[in-house]
Each structure stands twice: as C-alpha cells, then as structure tokens.
Amino acid sequence: MSPIVYEVLDFACGITDVRAQVVAQENGLTLFTGTFGPQVESVVRKFGLDAMRPGDVFATNIPYWGGTHTCDVCLVKPVFSDGRPIAFAVSVTHWIEIGGAVPGSISPEATEIYQEGLQFPGVRVYSAGERNDAVFDIIEANIRLPRTGIGDLNAGVAAVGIGERRVVEMCERYGEGTVLAAFERILEHGESIARAAIREIPNGIYRAEDVIDGDGHTDDPIPIAVTVTVDDDSIHADFTGTAPQVRGPINCSVGALTSACKTVVRAITAPQAQSNDGFFRPLTVTVPPRTVFSAEPPAPTGW
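Residues numbered from 1 in each chain as written. Predicted model: local features only at pLDDT ≥ 70, side-chain atom pairs only at ≥ 80, totals over all residues. Heavy atoms only, no water.

Student: Residues and numbers for the pattern of salt bridges, please.
Tutor: Where charged atoms from two side chains of opposite charge come close, those side chains can pair. Enumeration over the complete set of coordinates arrives at 15 salt bridges. Across the salt bridge formed by Arg 166 and Glu 169, the nearest N and O atoms sit 3.4 Å from each other. Taken together, the positions of Arg 166 and Glu 169, both in helix H4 (residues 146–174) and three residues apart, correspond to about one turn of that helix. With relative accessibility at 36%, the residue Glu 169 sits in the partly exposed group. Ionic pairing is found between Asp 233 and Arg 199, a salt bridge with its closest N-O pair at 3.4 Å. (Salt bridge = Lys/Arg side-chain N within 4 Å of Asp/Glu carboxyl O. Helix = DSSP H or I, 4+ residues; strand = E, 2+ residues; numbered from the N terminus. Buried < 20%, exposed > 50% of the residue type's maximum accessible area, 1.4 Å probe, protein only.)

This is the structure in structure tokens:
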C-alpha cells in the first residue's frame, strides 16, 4: 500500500524451518538479513509450538525481541504438515506510520520507545484463520494513516499465506521428509560456501573505532568499537568498548546489530547467492548489555 515498500523496497519475506533457521529469504533491504530467526524465536518462546494452530498469524515489531524499530512489522505464520508445525512463513514490512509522537513515527527527539508508536508483542492478528478484529481496531485508532497501515498489514498476511501454501505444495509433491531434508541441505551448502570464503581472509585480529556525532539531545561524541577475529573458517565480532545506550533514538537492538554483522558476512562471502542461515554459522557476535548496539527497554531505537 505504501511507497516505502513498493518504491524503496523496505521489506523482506522468507521461510524458516521449525527451529527458526532461515532457509529462503528475499530482501528488499539487507538490514533484514538476520532478523527473521530471532523474531520467530520470540513468537515460539511466547506461545510454544503446541499452542499454534493452522491459520494463526502473529505480529511482532519490538526491537528488543530481534527486530529493528517499531515501524518494521514482522508477521509470522506457522506452516503445518500432518497436524504439526514444520516451518514458518515470515514477512516484514516498514509501515510508513505506526503512531507515536510525530507523523511517520521516527522522532529525532524521542527519549523512550513509547514515543515511537505501537508495539506488537507477538500478538495473534489471525487465530486459526479468523481475523482478530480487536487488533485491527487498535491499529486504526492509533495510527495517522490507518488505510495505508491496514493495507500493508493485509499485504503481509497475504505474503505469509503464499509462503505457507508453497511449502505445503512442496510437501504434497515431494513428501515432507524430502522437503525437510532439502531445508537442511540448503543450510549446509550455505555454511560450506561461507567457510570456504572466510578461509581466504588472513587470520588475525582486526580492530576499528569511531564515534557517533551525538544522539539528537547532545553533541557529545558517542564512541563505538569492534574487534573482529578471523580464525581459519570462523569470524567473531566483539563490540566491547562501545558506549552505553543513550537518551536519543540512535540506539539499536542486539537483533539489528547481529543482522548488520550478518550482512557484512554475506557481502564478503557470497553476496549474489540466495540467503539462508547456513551462511552465518561461522559468525559469532559479542556485545555487552545496554550499549548503543544492545539497547534495552525503554531506550528509543527509531533511527
């Protein structure tokens, strides 16, 4: 519905296995390369696989639960075969408006996440195929462009519905066992490509430091640091030394940080290949809590 999706391509969609490992993903923006897994995991932690039913669709946009900022709304739909979930269809869309202190929901003056719009803590927007009208009513009453927001929500629901249908069709055509074996082979293949590329990088410890030019409330520089260790076919990124989270909205969550690291790994291994979580098995990330790269509630994360 909104130009930020169909012109800016601020979206992504894909499929994870039942363990929340991405096996196929189509990105509009590369920042979503690593958010799907943690967001699916957050929904599974909240509800459990046994409580999920065919036709369920869950919405989450909480940055601290693996997302980026409140404008990026992630929809998760479990895919069932023989009565049990075997995969998840996922769609994330940047809503051009989700309420909060200012139009567009990205306020340069925000000091807490509550000023950045509605938060969806893994809520069911559809339950066993039935629309949860209360959720739609809350959205319509709290955002400035309800027609566009509901339109993007409906588009996301349609996207995860297509993802679900395609996985079910593959199971019907090839058998569930073959499909799940293909999922694992895709992950193994991605891992092998990434490890082979990392072996071409000289072993060593690489360090970088920089500053962020203020947080919108103060011009004080905000130090950031990373130490990257390449050891044969693995990479470790350690962000110890990065400044504590700040008052303004330039913080990001661990999910966004990890996704950015995964984007770099893809760029230096196989940038043209289809993305899956196998590429990121050689990567580990360390970051202390409550830094500008690991913000915790109620820190704003709008930018």
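Student: Describe in detail the pairing of strand S3 (residues 57–60), supporting the description with residues and values.
Tutor: Both faces of the sheet carry side chains from a regular strand, because those side chains alternate between them. Residue alternation in S3 divides its side chains into two sets, Val 57 and Ala 59 and Phe 58 and Thr 60, and both sets are buried. As paired elements, S3 and strand S4 (residues 72–81) share three bridges and run antiparallel to each other. When the bridges of S4 are listed, Thr 60 appears paired with Cys 74. (Pairing = 2+ DSSP bridges.)

Student: A description of the side chain of Thr 60 should follow, citing residues and the corresponding values.
Tutor: Along the chain, the position of Thr 60 falls in strand S3. In this structure Thr 60 comes out as buried when scored by relative accessible area, which is 0%. For Thr 60, the contacting residues outside a window of four places in its chain are Gln 39, Ser 42, Val 43, Trp 65, Asp 72, Val 73, Cys 74, Phe 120 and Gly 122. (Contact = heavy atoms within 4.5 Å.)

Student: Would you mind going over the side chain of Thr 227 in detail, with residue names and values included?
Tutor: Among the structural elements, Thr 227 can be located in strand S9 (residues 222–231). Side chain to side chain, Thr 227 and Arg 207 meet in a polar contact 2.7 Å long. (Polar contact = N/O pair within 3.5 Å; in protein donor to acceptor, adjacent residues only side chain to side chain.)

Student: Can you explain unusual backbone geometry? Please cite residues and give values.
Tutor: In this model, Pro 297 is joined to Pro 298 through a cis peptide bond whose omega is 5°. If you trace the backbone, Pro 298 turns up in the segment after strand S11 (283–286). A positive phi angle, close to 50°, is found at Asp 82, a residue other than glycine. Among the structural elements, Asp 82 can be located in the loop between S4 and strand S5 (84–94). A relative accessible area of 75% means that Asp 82 is categorised as exposed. Positive phi, close to 50°, is recorded for Ala 128, a residue that is not glycine. Residue placement: Ala 128 occurs in the loop between strand S6 (121–127) and strand S7 (130–131).

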